[in-house]
2 protein chains.
Amino acid sequence: MNEKWLEQVKWDENGLVPAIAQDYQSGKVLMMAWMNKEALKLTAQEQRAIYWSRSRAKLWRKGEESGHIQALHELRLDCDNDVILMKVEQKGGIACHTGRESCFYSVFSEGEWKPVDPVLKDPNSIYNK
Amino acid sequence: MNEKWLEQVKWDENGLVPAIAQDYQSGKVLMMAWMNKEALKLTAQEQRAIYWSRSRAKLWRKGEESGHIQALHELRLDCDNDVILMKVEQKGGIACHTGRESCFYSVFSEGEWKPVDPVLKDPNSIYNK
């Protein structure tokens, strides 16, 4: 694969860009994580979301433990070439490690962040299959 | 305003967090930019998206020049407390400085990033009103 498209991305000082995952049908924003060049290349090659885990300092094939992979439907880049947007099919309907559909389950209300979206599956049962 | 909710956000080493703006009706992801603590506080107070411009190193009241403000409908925080999601009403229907609805107008196709969304308004007419 010609890698010019990877060079066009403006990687930050750590070699990363933010990558937003959005449900390709509902439009729900599921999560945002980070990609390095290899992660983005593999995401396109394997047609599934592959991130760079900053905490674990390694590639993170989303769903590798949970089975909740994100099948890629569309890959977009923003006008500044420094943010990725993926439209994905979220397998299992759960993107968040808390067992919720989306990681953005807390809403600001009356001066507080309030969790408003339901836990669909016990996280223990997701990761100890 | 009690500021505990601002302290709960995990600001990065530069005191920033990514903030995603999504159209509250269509679900379209419009842009991603950055907020510092003051920007987030003002966003909640003024009920419009206010970012921190890293290039200009100052608060950026989205739409201050173009009139294309983003009226806040909902403010969310993710499970790691380090990404903001806003549902907004995009005034003028244009979020991008190129005159497009969304900044994510380029799609990865056949090894290239290809602009696929239309320019709705000449950028010169947006900024030289």
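Structure's up top.
Treat the numbers as computed from the prediction; the structure is a model and nothing was measured.

**Here's the deal with the packing of aromatic side chains**
One pass over the full model with this rule turns up nine aromatic pairs over all chains. Ring geometry for A:Trp5 against B:Phe108: centres 4.0 Å apart, planes inclined by 35°, an arrangement best described as tilted. Of this pair, A:Trp5 sits in helix α1 (residues 4–7) while B:Phe108 sits in strand β7 (residues 106–109), on two different chains. A network of ring pairs unites the aromatic residues A:Trp5, B:Phe108 and B:Trp113 as a single cluster. Between A:Arg100 and the ring centre of A:Tyr105, over which it is positioned, the NZ or CZ distance is 3.7 Å.

**Section: the pattern of salt bridges**
Tallying each qualifying case throughout the model produces 22 salt bridges over all chains. Here A:Asp117 makes a salt bridge to B:Arg76, at a shortest N to O gap of 3.0 Å. Linking A:Asp117 in the loop between β8 (112–115) and α3 (123–127) with B:Arg76 in strand β5 (residues 70–77), this pair reaches from one chain into another. Accessibility classification places A:Asp117 together with B:Arg76 in one group, the buried group. Across the salt bridge formed by B:Arg76 and B:Glu74, the nearest N and O atoms sit 2.7 Å from each other.

**What to know about the side chain of A:Gln22**
Residues and elements named next belong to chain A. Position of Gln 22 among the secondary structure elements: in strand β1 (residues 17–23). Overall, Gln 22 belongs to the buried group, its relative accessible area being 4%. Within the structure, Gln 22 has its side chain in polar contact with the backbone oxygen of Gly 27 (distance 2.9 Å).

**As for the interface of chain A and chain B**
Contacts between the two partners involve 39 residues from chain A, matched on the other side by 39 residues from chain B. In total, chain A and chain B occlude about 3,100 Å² of area from one another, counting both sides; carbon and sulfur atoms represent 69% of this. Taken together, the links from chain A to chain B amount to four salt bridges. Residue A:Arg54 pairs with B:Asp82 through a salt bridge whose shortest N-O separation is 3.7 Å. Taken together, chain A and chain B are joined by 14 residue pairs in polar contact (both at pLDDT 80 or more). Contributions of two or more residues to the side of chain A that touches chain B are made by β1, β2 (29–35), α2 (37–46), β5 (70–77), β6 (84–90) and β7 (106–109) of chain A. With four residues, the top contributor of residues to the side of chain A that touches chain B is β5(A).

What counts, and where the lines are drawn
- Residues numbered from 1 in each chain as written.
- Chains lettered and ligands numbered in written order.
- Predicted model: local features only at pLDDT ≥ 70, side-chain atom pairs only at ≥ 80, totals over all residues.
- Heavy atoms only, no water.
- Phe/Tyr/Trp six-rings, centres within 6.5 Å; stacked < 30°, edge-to-face > 60°.
- Helix = DSSP H or I, 4+ residues; strand = E, 2+ residues; numbered from the N terminus.
- Lys NZ or Arg CZ within 6 Å of the ring centre and 35° of its normal.
- Salt bridge = Lys/Arg side-chain N within 4 Å of Asp/Glu carboxyl O.
- Buried < 20%, exposed > 50% of the residue type's maximum accessible area, 1.4 Å probe, protein only.
- Polar contact = N/O pair within 3.5 Å; in protein donor to acceptor, adjacent residues only side chain to side chain.
- Contact = heavy atoms within 4.5 Å.
- Buried area = accessible area lost by both parts, 1.4 Å probe.

Remember that the coordinates give geometry; whether it matters functionally is a separate question.
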